[in-house]
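Chains, contacts and geometry: an overview
Spelled out from the first residue to the last, the chains are:
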Amino acid sequence: MRKVGTAILGPGNIGTDLMYKVVRSRNLELRLMSGVDPKSEGLALAASLGVRTSTDGVSPVLDDPSVEIVFDATSARIHLQHAPLLKDAGKRAIDLTPAAIGPYVVPCVNIDEHADAPNINLITCGGQATIPIVAAVSRVTRVRYAEIVATISSRSAGPGTRQNIDEFTQTTARGLVQIGGAERAKAIIILNPAEPPIMMRNTIYTVVESPDIQRIRESVSEMVHRVKRYVPGYRLKMPPMMDGQRVIAMIEVEGAGDYLPKYSGNLDIITAAAVGLAELLADRMLDGRARE
Amino acid sequence: MRNVIITDTTLRDGMHAVSHQFTPGQMAAVARGLDEAGVPIIEIGHGDGLGGASLQYGFAAGTDREYLEAVSAVLKNASLAVLLLPGIGTKVDLEMAADLGARAVRIATHVTEADISEQHIGLAKRLGMMTVGFLMMSHMASPEKILEQARLMESYGADVVYVTDSAGALLPDGVRERVGLLKAHLKVPVGFHAHNNLSLAVGNNLAAMEAGATYLDGTLRGLGGGAGNAPTEAMVAVLDRMGVATGIDLYTLMDVAENVLQPLMHRPQQISNASLMLGYAGVYSSFLLHTYRAAEKFGVDPRDILVELGRRKIVGGQEDIIIDVAQELSSERSAGRAG
């Protein structure tokens with residue numbers, strides 16, 4: 001079967017985890033992994049897998065005509081520079097930073113609406129983990145307010161996340177409104193350095209119009225199954241429960257352990273979403289070419 | 001004569017003890033009294049800082065903006081301070097606070113996570129604010145680790161770095177080691193923030209001062225998370241007797257504590273068994289009222305919840321885990337009964 005050429009920008013935690021998933025993809029081929037730091041562990045690992053590497057940032061990606069889909073796992077600030085360059089070079093960008101130039105996508109909620117966009121944003125790891133739950137609640141009752149608390153182990157938060165911490169909370173909150181369907185939203189992120197590292201935990205609070213907890217539970221349970229299709233380690237730790245005016249649910253995400261250990265569910269969920277999305281785009285590209 | 005600079009945080013840390021329910025008017029009344037007494041820095045707002053109003057931590061009686069406006073209007077000499085925890089509050093919140101008259105900010109992170117404060121410290125400096133790096137849960141890290149993290153905050157531009165004993169778990173020797181090492185190696189002054197869970201708040205502040213701290217925190221009547229903080233009025237009295245200058249008038253401060261603050265308190269600030277357990281198990285002090293609530297809802301002993309939180313090395317801000325632990329303890333117990 002023919003494959004579509006891809007590149008990864010940003011060989012940090014997320015870029016490196018992504019690399020392992022792309023390398024074993026059914027319809028994607030990793031042509032290039034590019035960063036800026038010659039001492040990058042991610043670039044060394046890519047080279048050891050036989051992937052071409054560069055420390056010249058976006059330039060070699062723009063110059064390679066075989067690259068059609070580009071995963072950007074740098075930072076919001078850097079993606080703002082990359083995005084117009086990638087667009088002009090005719091490359092589809094899947095943005096794993098909180099830059100949010102293109103539409104927000106959570107694969108199990110709204111992937112079909114934006115499959116043709118030149119730049120697709122994956123919100124944040126916290127957004128990928130929690131928006132499906134809020135969307136599941138908002139399809140059965142009006143959600144006046146949603147609030148999520150994402151707790152991740154310190155070890156799985158790389159420098160990009162750390163320097164982007166406001167973008168994380170602000171972008172996640174926007175996603176909870178735009179895709180989750182909440183009227184207002186807030187997001188909180190906490191880093192926990194405990195050893196052994198904790199798994200990614202997400203607490204989702206909603207204030208709903210009609211607290212029919214049985215219907216909410218059924219809807220959430222169905223949504224969890226949909227997320228599990230591309231993130232096998234996604235688990236409902238605490239099914240929705242009423243606590244005063246608020247509905248509380250908790251999600252735990254165990255990673256596939258591709259690069260960092262399994263506690264890094266926060267990386268796994270966003271890289272799994274990126275690859276799932278890219279495979280869908282690649283199917284459409286290959287399908288279009290077969291018809292031509 | 002030696003001197004220390006006292007930050008009174010009755011109107012911020014004390015908010016934990018009243019479930020964040022001081023009104024803007026009540027805050028203004030207390031702040032006016034603190035200002036008249038000569039307190040140099042007055043920290044206000046939601047107990048969890050800017051943006052803290054939430055289902056996770058509880059909503060306050062007023063908004064950040066309302067509190068800042070109300071207190072700003074009455075201060076004549078004191079610096080108005082706010083707290084910001086990156087991950088909860090944002091740079092947008094900080095800009096708003098500076099616009100409304102906040103002249104100092106404490107940027108707080110878990111003791112091992114100082115690098116999430118770089119942007120916020122940088123912005124605070126650009127806004128011309130006195131900027132304090134606040135390393136929370138300092139009992140959980142070695143003195144060397146704290147120094148490494150304090151150096152990061154100093155390199156981002158912090159004017160002062162605090163060793164913050166959020167769990168009230170440090171013993172005086174632990175305070176001296178930590179503050180002393182920072183004092184020996186940092187260029188900027190060192191501060192200490194105590195909690196009274198082990199009844200050591202004033203004593204630990206003195207230990208910090210002996211080790212070189214020149215910034216200390218207190219709250220009127222010790223009002224604060226867990227068993228509360230060092231009572232500012234008691235500290236000022238002790239420092240007076242020691243010949244350490246604070247610039248604060250003791251009698252005026254005592255009057256504010258008794259006549260203005262005390263009538264607003266929901267309960268006496270004391271060392272209950274659960275708050276003693278916070279210090280003993282090393283758990284974040286503001287978890288206290290959340291723990292009582294969860295213990296009641298799930299019918300479990302609050303002490304069991306706190307011991308389990310300590311065992312799991314839960315950090316500040318993880319109030320959601322209290323419910324999780326309470327629920328697990330409750331279902332374990334009913335499973336035990338069934339079996």
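The shown structure was predicted, so the numbers you read here are calculated from the model rather than taken from an experiment.

Here we look at the overall build of chain B
From N to C terminus, chain B includes 13 helices and eight strands. Its C-alpha atoms give chain B a radius of gyration of 19 Å, within 12% of the compact-globule value 20 Å for 339 residues. C-alpha extents for chain B along the principal axes are approximately 65 × 45 × 40 Å. Per-residue burial for chain B yields a buried fraction of 61% across its 339 residues. If you take every contact in chain B between residues at least 6 apart in sequence, the share linking residues at least 24 apart comes to 77%. Working note: accessible area of chain B is about 11,900 Å², and carbon and sulfur atoms make up 51% of it. Distance between charge centroids for chain B: 2 Å, based on 27 positive and 38 negative side chains.

What about helix α4 (residues 76-88) of chain A?
All names here are of chain A. Taking 1.5 Å as the rise per residue, α4 with 13 residues should run 18 Å; its terminal C-alpha atoms sit 19 Å apart, in good agreement. At His-82, α4 shows its maximal kink, close to 30°; a proline, Pro-84, follows between one and four residues later. For α4, the set of buried residues is Ala-76, His-79, His-82, Ala-83 and Leu-86. Following α4 by one or two positions, Gly-90 adopts a phi angle in the positive range, close to 75°.

Observations regarding the pairing of strand β11 (residues 246-253) of chain A
Residues and elements named next belong to chain A. β11 sits mainly inside the fold: eight of its eight residues count as buried. Taken together, the seven bridges between strand β9 (residues 200-208) and β11 define a ladder with antiparallel strand orientation. Paired with Asn-202 across the two strands is Ile-251, which belongs to β11. Two elements, strand β10 (residues 234-243) and β11, share seven bridges in a ladder whose sense is antiparallel. Looking across to β11, one finds that Met-238 is bridged to Met-250. Taking the residues that link successive antiparallel strands as the turn, the β10-β11 hairpin has two residues, and the phi of Gly-244 there is positive, at about 65°.

Description of the sheet that holds strand β7 (residues 190-193) of chain B
All names here are of chain B. Pairing within the closed barrel is parallel, and its eight strands lie in the order β1-β2-β3-β4-β5-β6-β7-β8. Adjacent strand axes in the sheet meet at a mean angle of 25° when their direction is disregarded. Looking at chain direction, strand β6 (residues 160-164) and β7 are connected through four bridges and run parallel. By the bridge assignment for β7, Tyr-162 is matched with Gly-191. Of the strands in this sheet, β6 and β7 are in contact with helix α6 (residues 172-185), which crosses β7 at around 155°.

Description of the sheet that holds strand β5 (residues 92-95) of chain A
Residue and element names in this part refer to chain A. Overall, parallel pairing links the six strands, which are arranged β3-β2-β1-β4-β5-β6 in an open sheet. The open sheet has two edge strands with one neighbour each: β3 (53-54) and β6 (119-121). Across the sheet, helix α10 (residues 265-291) is in contact with β1 (4-9), β2 (28-34), β4 (69-72), β5 and β6; its angle to β4 comes to roughly 170°.

With respect to the domain arrangement of chain A
Residue and element names in this part refer to chain A. For chain A, the assigned domains read domain 1 (4-122 + 269-291) and domain 2 (125-263). Using only C-alpha atoms to locate each centre, domain 1 and domain 2 end up separated by 24 Å. When the area that domain 1 buries against domain 2 is broken down by residue, the three leading residues are Tyr-104, Cys-108 and Ile-269, summing to 34%. Along the contact surface separating domain 1 from domain 2 lie two salt bridges. A salt bridge links Asp-258 to Arg-24; its shortest N-O distance comes to 2.8 Å. The tally of links between domain 1 and domain 2 comes to nine residue pairs in polar contact (both at pLDDT 80 or more). The leading source of residues in the side of domain 1 that touches domain 2 is helix α1 (residues 13-23), at five residues. Its residues placed into classes, the side of domain 1 that touches domain 2 shows 15 nonpolar, four polar and four charged.

About the cut-offs
The residue count restarts for each chain, going from 1 along the sequence in the order it is written. Written order decides the labels, with chains lettered from A and ligands numbered from 1. Only residues with pLDDT of at least 70 get local features here, since the model is predicted, and only at 80 or more are side-chain atom pairs given and counted; chain-wide, interface and lining totals rely on the full set of residues. Heavy atoms throughout the structure, all of them, feed into the side-chain values; hydrogens and water do not. Here a strand is any run of E in DSSP of at least two residues, a helix any run of H or I of at least four, and the numbering for each starts at the N terminus. Taken over C-alpha atoms, the radius of gyration is set against a globule rule of 2.2 Å times the number of residues to the power 0.38. Categorising residues by exposure relies on relative accessible area from a 1.4 Å probe, with only protein chains included: less than 20% of the type maximum marks a residue as buried, more than 50% marks it as exposed, and the intermediate range marks it as partly exposed. Only heavy atoms matter for contacts: two residues are in contact if any of them lie within 4.5 Å across the pair. Shrake-Rupley sampling with a 1.4 Å probe provides the accessible areas, and residues are treated as covered by the protein chains on show and by no other component. The sign given to each residue is positive for Lys and Arg and negative for Asp and Glu; His and the chain ends receive no count. By convention, the point assigned to a charge is CZ for Arg, NZ for Lys, CD for Glu and CG for Asp. To estimate the expected span of a helix, count its residues, drop one, and scale the result by 1.5 Å. Here the bend at a residue is taken as the angle between two axes, fitted respectively to the seven residues that end there and the seven that start there. A pair of strands counts as paired when DSSP detects no fewer than two bridges linking them. Every axis in this analysis is a line fitted to C-alpha atoms, fitted for helices over the stretch in contact. Angles between the N-to-C directions lie between 0 and 180 degrees. The domain limits used here are those given by an automatic or database domain assignment. Accessible area, probed at 1.4 Å, shrinks when two parts are joined; the buried area is that loss added up over both. A pair is scored as a salt bridge if a Lys or Arg side-chain nitrogen falls within 4 Å of a carboxyl oxygen belonging to Asp or Glu. Side-chain atoms alone can form a polar contact between residues adjacent in sequence; in general such a contact is a pair of N or O atoms within 3.5 Å, and within protein one must be able to donate a hydrogen while the other accepts it. Gly is placed with the polar residues, together with every amino acid not listed as nonpolar (Ala, Val, Leu, Ile, Met, Phe, Trp, Tyr, Cys and Pro) or charged (Asp, Glu, Lys and Arg).

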